[in-house]
Amino acid sequence: MKKLAALLLTLALSAAAFMTPFIALPVLAAKDYSTIRVRLSASYDDINLGVKGTYLLKETGAVVSSDINISLSGSQLVATCGNSVLYSGTEFTLVRQSGLLRQYSRQHGWRHYLGDMNYKAVSDGLGGYKLAVTNTVGMEDYLIGVVAYEMSNTFPLEALKAQAVAARSYAASKTSPSASYDIVDTASDQVYKGYDSTLTNVIAAVNATKGQVLANSSGALVQAYYSASNGGQTESTANAWGSPLPYYQMKDDPYDLRNTMSPTAKLTLP
């Protein structure tokens, strides 16, 4: 999630899992935020893709159940399986039928993804092309890959539930059908690292809050900004970004100061 050097907003939690002193907001069932499109941040020249299940190559109708190599040659993508060329062109989508994809990048190593995966050759701004990868995934599956890394699977269940509601609300507020994707997988939006079935506490928290989002008093979706620490005081969005949101107010937060993991500094002013 975005962090400002001195102006941090906390919606849900400090690292000690205490609620910060915001106006109480109703928790409502989401309308239809069932999927989200996540642009993956890793840079790819080519991709080794482990297919652990069955996928449909949307452009050709081919059924894919074996590992794939995707390479970029100019503006053309070439997807091969063994010695066979599955696809050659500028863009293709693997539509999930069952299982998951195991995808490798030099920055992140292997990560696992549920949902569909779109691969596209896009301009790199320097006269060449790069691979853009977008994961279209169910919102609840997406949150498993967020809550575990914005917090940790070892956090108390109630803290993880609150984080799940905040993260779901933020993601839902970012959906934009007219754009090519909704959200990125870094702290510029929310950290997302794909699916991991061993995150049992996080999965329980996401399931327990399924479909729940934060809304203001008129029922509109809240832009749920949050941070691990606010330095002991929350900031208004008017001061931070120039756009006032009435449900964010400047308030002291004693829980943040009581958190022994919060970094502190002491200054002497004459």
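This section reports on the structure supplied with the text. For every chain, the first residue of the written sequence is number 1, and numbering continues from 1 onward in sequence order. Given that this is a predicted model, residues contribute local features only at a pLDDT of at least 70 and side-chain atom pairs are listed and counted only at 80 or more, while totals for whole chains, interfaces and linings are drawn from all residues. Heavy atoms from the whole structure form the basis of all side-chain values; hydrogens and water molecules are not counted.

## Concerning the pattern of salt bridges
Here's step 1: In what follows, salt bridge is the name for a side-chain nitrogen of Lys or Arg lying within 4 Å of a carboxyl oxygen of Asp or Glu. One pass over the structure, following the stated rule, counts 4 salt bridges.
Here's step 2: The closest approach of N and O atoms between arginine 168 and glutamate 140, which form a salt bridge, is 2.7 Å. With a gap of 28 residues between them, arginine 168 in helix α2 (residues 157-174) and glutamate 140 in helix α1 (residues 139-150) connect regions that are remote in the sequence. For the residue pair arginine 168 and glutamate 140, the accessibility class agrees, reading buried in each case.
Here's step 3: Across the pair glutamate 158 and lysine 161 runs a salt bridge whose closest N-O atoms are separated by 3.1 Å. With a gap of 3 residues between them, glutamate 158 and lysine 161 both fall in helix α2, about one helical turn apart.
Here's step 4: For every residue, the accessible area obtained with a 1.4 Å probe (protein chains only) is divided by the maximum for its type, and the residue is called buried under 20%, exposed over 50%, and partly exposed between those limits. Since its relative accessible area comes to 54%, glutamate 158 is described here as exposed. Numbering of helices and strands runs from the N terminus, with a helix taken as a DSSP run of H or I at least four residues long and a strand as a DSSP run of E at least two residues long.

## Structural notes on α2
For the α-helix, the turn length of 3.6 residues means that residues three or four positions removed from each other point alike.
Here's step 1: By definition here, a helix of n residues has an expected span of 1.5 Å times n minus one. Compared with the 26 Å implied by 1.5 Å per residue over 18 residues, the 26 Å span of α2 between its first and last C-alpha is a close match.
Here's step 2: Taken across its 18 residues, α2 has 13 buried, putting it largely inside the fold.

## A short note on the packing of α2 against helix α3 (residues 200-208)
Here's step 1: In the contact formed by α2 and α3, the axes pass within 8 Å of each other and the chain directions differ by 60°. In terms of orientation, α2 lies oblique with respect to α3. When the axes of α2 and α3 are compared, the crossing they make is right-handed. Contact residues: Leu157, Leu160, Lys161, Ala164 and Arg168 in α2; Asn201, Val202, Ala204, Ala205, Val206 and Ala208 in α3.
Here's step 2: Taken together, the residues of the contact of α2 with α3 sort by class into 8 nonpolar, 1 polar and 2 charged. The convention used is that axes are lines fitted to C-alpha atoms, helices contributing only their stretch in contact, and that angles between N-to-C directions extend from 0 to 180 degrees. In these notes the angle categories are as follows: under 35 degrees is roughly parallel, over 145 is roughly antiparallel, 65 to 115 is roughly perpendicular, and the rest is oblique. What makes a crossing left-handed is the near helix being turned counterclockwise from the far one by less than a right angle; a clockwise turn instead makes it right-handed. In what follows, a contact means two residues having at least one pair of non-hydrogen atoms within 4.5 Å. Here the nonpolar group is Ala, Val, Leu, Ile, Met, Phe, Trp, Tyr, Cys and Pro; Asp, Glu, Lys and Arg are the charged ones; every other residue, Gly included, is treated as polar.

## Side note on the side chain of arginine 168
Here's step 1: Using a relative accessible area of 1% as the deciding quantity, one classes arginine 168 as buried.
Here's step 2: Setting aside residues no more than four positions away along its own chain, arginine 168 makes contact with Met139, Glu140, Leu143, Val206, Thr209, Lys210, Gly211, Gln212 and Val213.

## Considering the environment of serine 227
Here's step 1: Looking at where serine 227 falls in the secondary structure, it is placed in the loop between β13 (212-214) and α4 (237-241).
Here's step 2: When the C-alpha positions of serine 227 and glutamate 150 are compared, they lie 8.8 Å apart, and in sequence the two are 77 residues distant.
Here's step 3: A polar side-chain atom of serine 227 sits 3.0 Å from the main-chain carbonyl oxygen of serine 229. Any pair of N or O atoms that falls within 3.5 Å is considered a polar contact. Within protein, one atom must be able to donate a hydrogen and the other to accept it, and sequence-neighbouring residues count only if both atoms are side-chain atoms.

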